[in-house]
Amino acid sequence: MKSLGNIRRSFAPWADPDSKPFISFKNITKKFGDFTAVDNLTLDIYHREFFALLGASGCGKSTLLRMLAGFERPTSGEIILDGQDIAGIPPYRRPVNMMFQSYALFPHMTVESNIGFGLRQDGMPKAEIAERVTQMLKLVKLEQFAKRKPQQLSGGQRQRVALARSLAKRPKVLLLDEPLGALDKKLREETQFELMDLQQQLGLTFVVVTHDQEEAMTMADRIAVMSHGNVIQVATPAEIYEAPNSRFVADFIGDVNILEGKVKAAGNGRIEIAGDDFTVRTVGDASPAIGAGAAFAVRPEKLKVSRAAPADASINASEGEIWDIAYLGDMTVFHVRLPSGKVVKTSMLNAQREVENPIGYDEKVWVSFAETAGVVLKD
Amino acid sequence: MTKLGSRIFSRLVILVPYAWLVFFFLVPFVIVFRISLSTTAIAQPPYEPVFRLADGIAGIVDNIRQLSFDNFIWLTEDALYINAYLSSIKIAGISTFLALLIAYPIAYGMAQAPRTWRPTLLMLVILPFWTSFLIRVYAWIAILKPEGLLNQLLLSLGLINEPLIILNTNWAIYIGIVYSYLPFMILPIYSALEKMDHSLIEAAQDLGCPPISAFWKVTFPLSLAGVVAGCMLVFIPAVGEFVIPDLLGGSQTLMIGKTLWTEFNSNRDWPLSAAVATVLLLILVVPIVFFQNMQAKAEERGK
Ligand SMILES: Nc1ncnc2c1ncn2[C@@H]1O[C@H](COP(=O)(O)OP(=O)(O)O)[C@@H](O)[C@H]1O
Ligand SMILES: [Mg+2]
């Protein structure tokens, strides 16, 4: 993962038992006919948090966001916003604003009146509206486009108008549904950082929906990984990456090697799993039954490839053979075939690679990893 | 096809609509206009001069000298024609407005209906066209006459004590025009509403706009193109409408289509009726061209 720009020092209200959540989904279920889009979901989001809902298309992210905005009613469960149950409040009275996936800019209004629309609804005096609109235009760097119509703007400019419009009313919570989906890669990356800056600057709570794991990792304080209307794991990007709680999360975020085996010993904070190639000795609080099937997830960059067997016997290691090498500029990915036939992926920064006499195709190598390199998956 | 061949082909394709306009609009119009400059004659055709190629150049020049704008001057001098024009515009205007009031909610309802129902609803709107227009107008006589279906119904429900006189009044004409032209109002409005992105309404609500206000601030302005198209499709033919005022309206109803018919058929005054038709065309075309020019300019300014 490239960016860790989102690590804010000491911002972790979720870890503080005294802090109260700002938004609470409590046992929310949403059904469309027979189809359950959101399934008994419980989730807390904190004030000033940049929160990401991450999941494959169709897993219910937008539905969850739309329930918060008031466009869908939960079939059961309740949503608390700032201490208040918002079930009966129509969308036009909720203190949240949404940036739509399609931007939903009013085509018959100029950029200026699009941004001022919500303020006019509130009956704000004209002079104040003009002032706020100018301020928002400046924030999204669109001052010279105030008099244009949306169809006379590029995709990136429209996206910024939509953002300015949803921020103009200074909502308590800003909801963003795939806000960067329509932008090209370069613009998307730039805008990610702009969004993060903006959120810090304005001190708002952002809830963003995305199916792009890198985008979620870059921007969010915490990520909820969703699947089939359920939250599978809620944690910081680092935790999600380093300690996925399930095969689904491990697979979904980044590359991962999953080593299967049977529990050989467990207890005292240690677990030993006997597999075909490795006997994985690792740390873990769980105490699974001896002999039960278990899976260990370890990221490619945590696996070491070397010609010599590791000296330290406590290190997990297996022999193997280089099967494939991919050179990616900043790093090299080795696919190593283990004795059982399983192929694992390892990656090495090129800065650390031996320049002279590098490891080549078909070479016999050792694959090894430390006992804290990965996690035992819960399912 | 060669490059040149395909270029010629694409030119030809562009020519088709122009050719259509020239042959079926411009040429007939020139003929009508030329007749309007003639004088009546008891002859076949019933006007003179008549251009004949056999007369040669000198004959044609001589004929052209005989043409005059007398018929147009006559139109301005007799209040009958001016009143007929004004009354036609008034009746067409009121009918168009009533049609809009009825058609908009129908079109809105159709656009809101589940996607699977929409083709059926569309079919139902067009369904009356399967029956002859004339028969449908006659049917309204049976409904509206004093002892007709409508009065029987209202009397039996006890809503009225004596039959309403609707037939042979302007109300019958309004009903007839609204009924006959309603699909032309519904379809363009429906098409404008149907392609509107529903998330725009959600965006308006999200920004604090209650549903009714969201309708007036977003839905209605965005359907205006359909409303304008629908109004033109109803208003223009309604101004020149002849069958409906003739069958449903009373003898005192003044509409330019009826006047034209009388001049043409009963009085056999082709030149005068041609002048009536020419003026009618100008009354309708000039404002439309003006309006479209304004719109084009407004769009220019937006850029
Ligand atoms: N109004 C609706 N009626 C029926 N099904 C819906 C409706 N809205 C969403 N769904 C279904 O609910 C599921 C979740 O949708 P959504 O929340 O939009 O997913 P995503 O995670 O891609 O944003 C999808 O399978 C979708 O087809
Ligand atoms: Mg979605």
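- In the nomenclature of an unreviewed UniProt entry, chain B corresponds to Putrescine transport system permease protein from the organism Mycoplana azooxidifex.
- In UniProt, chain B has this text filed under Sequence similarities (unreviewed entry): "Belongs to the binding-protein-dependent transport system permease family. CysTW subfamily."
- The heading Subcellular location (unreviewed entry) in the UniProt record of chain B holds the text "Cell membrane".

- By the naming in an unreviewed UniProt entry, chain A is Spermidine/putrescine import ATP-binding protein PotA, taken from Mycoplana azooxidifex.
- According to the UniProt record, the Subunit (unreviewed entry) comment for chain A reads "The complex is composed of two ATP-binding proteins (PotA), two transmembrane proteins (PotB and PotC) and a solute-binding protein (PotD)."
- Its UniProt record gives chain A a comment under Sequence similarities (unreviewed entry), which states: "Belongs to the ABC transporter superfamily. Spermidine/putrescine importer (TC 3.A.1.11.1) family."

### Observations concerning the packing of helix H2 (residues 111-121) of chain A against helix H3 (residues 126-139) of chain A
All names here are of chain A.
Reasoning step 1: Two elements in contact, H2 and H3, have axes whose closest approach is 9 Å; the angle formed by their N-to-C orientations is 125°. The orientation of H2 relative to H3 falls into the category oblique. You can see that H2 and H3 cross each other, and the crossing is right-handed. Residues Val 111, Glu 112, Ile 115, Gly 116, Leu 119 and Arg 120 of H2 lie in contact with H3, whose contacting residues are Ile 129, Arg 132, Val 133, Met 136 and Leu 137.

### What about a nonpolar patch on the surface?
Residues and elements named next belong to chain B.
Reasoning step 1: There is a patch of nonpolar side chains on the surface, built from Trp 20, Leu 21, Val 22, Phe 23, Phe 24, Phe 25, Leu 26, Val 27, Val 30 and Ile 31 and spanning about 1000 Å² of accessible area.
Reasoning step 2: Residue position: Ile 31 is located in helix H1 (residues 3-36).
Reasoning step 3: The partly exposed category is assigned to Ile 31, whose relative accessible area is 45%.

### Focus: the UniProt feature "transmembrane region" (unreviewed entry) in chain B
All names here are of chain B.
Reasoning step 1: Under the local residue numbering, the UniProt record ascribes the feature "transmembrane region" (unreviewed entry) to residues 12-37, 84-108, 120-143, 171-193, 214-239 and 270-291.
Reasoning step 2: Secondary structure over residues 84-108 splits into 100% helix and 0% strand, and the C-alpha atoms at its two ends are 35 Å apart.
Reasoning step 3: Secondary structure over residues 120-143 splits into 75% helix and 0% strand, and the C-alpha atoms at its two ends are 27 Å apart.

### Notes on the side chain of Asp 269 of chain B
All names here are of chain B.
Reasoning step 1: Considering the arrangement of structural elements, one finds Asp 269 in the loop between helix H12 (256-266) and helix H13 (270-302).
Reasoning step 2: Arg 268 provides the closest opposite charge to the buried, salt-bridge-free Asp 269, at an N-O distance of 9.9 Å.
Reasoning step 3: The contacts of Asp 269, once residues within four sequence positions are left out, are Thr 40, Glu 263 and Phe 264.

### Some details on the site of ligand 1
Residue and element names in this part refer to chain A.
Reasoning step 1: Residues in contact with ligand 1, as listed here, are Phe 32, Phe 35, Ala 37, Ala 56, Ser 57, Gly 58, Cys 59, Gly 60, Lys 61, Ser 62 and Thr 63.
Reasoning step 2: A distance of 2.6 Å is found between an oxygen atom of ligand 1 and a backbone nitrogen or oxygen belonging to Gly 58.
Reasoning step 3: Within the complex, 59% of the 560 Å² of free accessible area of ligand 1 lies under protein.
Reasoning step 4: Elements with a minimum of two residues in the shell around ligand 1: strand E2 (35-45) and helix H1 (61-69).
Reasoning step 5: For the shell around ligand 1, the element with the highest residue contribution is H1, accounting for three residues.

### A look at the sheet that holds strand E16 (residues 316-327) of chain A
Residues and elements named next belong to chain A.
Reasoning step 1: Strand order in the open sheet formed by five strands is E15-E19-E16-E17-E18, with antiparallel pairing between adjacent strands. Here the strands that pair on one side only, and so sit at the sheet edges, are strand E15 (304-306) and strand E18 (343-349). Direction aside, the axes of adjacent strands within the sheet are offset by 45° on average.
Reasoning step 2: Summarising the sheet, strand E17 (residues 331-337) and E18 pair through seven bridges and their orientation is antiparallel. Within E18, the position partnered with Val 336 by the bridge is Val 344.

### Brief notes about the environment of Lys 20 of chain A
Residue and element names in this part refer to chain A.
Reasoning step 1: Position of Lys 20 among the secondary structure elements: in the segment before strand E1 (23-32).
Reasoning step 2: Lys 20 sits in the exposed class, given a relative accessible area of 70%.
Reasoning step 3: Sequence separation of Lys 20 and Ser 368 is 348 residues, and the distance between their C-alpha atoms is 44 Å.

Cut-offs used in this document
- Residues numbered from 1 in each chain as written.
- Chains lettered and ligands numbered in written order.
- Predicted model: local features only at pLDDT ≥ 70, side-chain atom pairs only at ≥ 80, totals over all residues.
- Heavy atoms only, no water.
- UniProt positions renumbered as here; feature names shortened; annotations may be inferred.
- Axes fitted to C-alpha atoms, helices over the stretch in contact; angles between N-to-C directions.
- Helix = DSSP H or I, 4+ residues; strand = E, 2+ residues; numbered from the N terminus.
- Parallel < 35°, antiparallel > 145°, perpendicular 65-115°, else oblique.
- Left-handed = near helix turned anticlockwise from the far one by under 90°.
- Contact = heavy atoms within 4.5 Å.
- Patch = residues over 30% accessible without salt bridge, like charges linked within 9 Å, V, L, I, M, F, W, Y side chains within 5 Å.
- Areas by Shrake-Rupley, 256 points an atom, 1.4 Å probe, with all protein chains shown as cover.
- Salt bridge = Lys/Arg side-chain N within 4 Å of Asp/Glu carboxyl O.
- Buried < 20%, exposed > 50% of the residue type's maximum accessible area, 1.4 Å probe, protein only.
- Lys, Arg positive; Asp, Glu negative; His and termini not counted.
- Near = heavy atom within 4 Å.
- Polar contact = N/O pair within 3.5 Å; in protein donor to acceptor, adjacent residues only side chain to side chain.
- Pairing = 2+ DSSP bridges.

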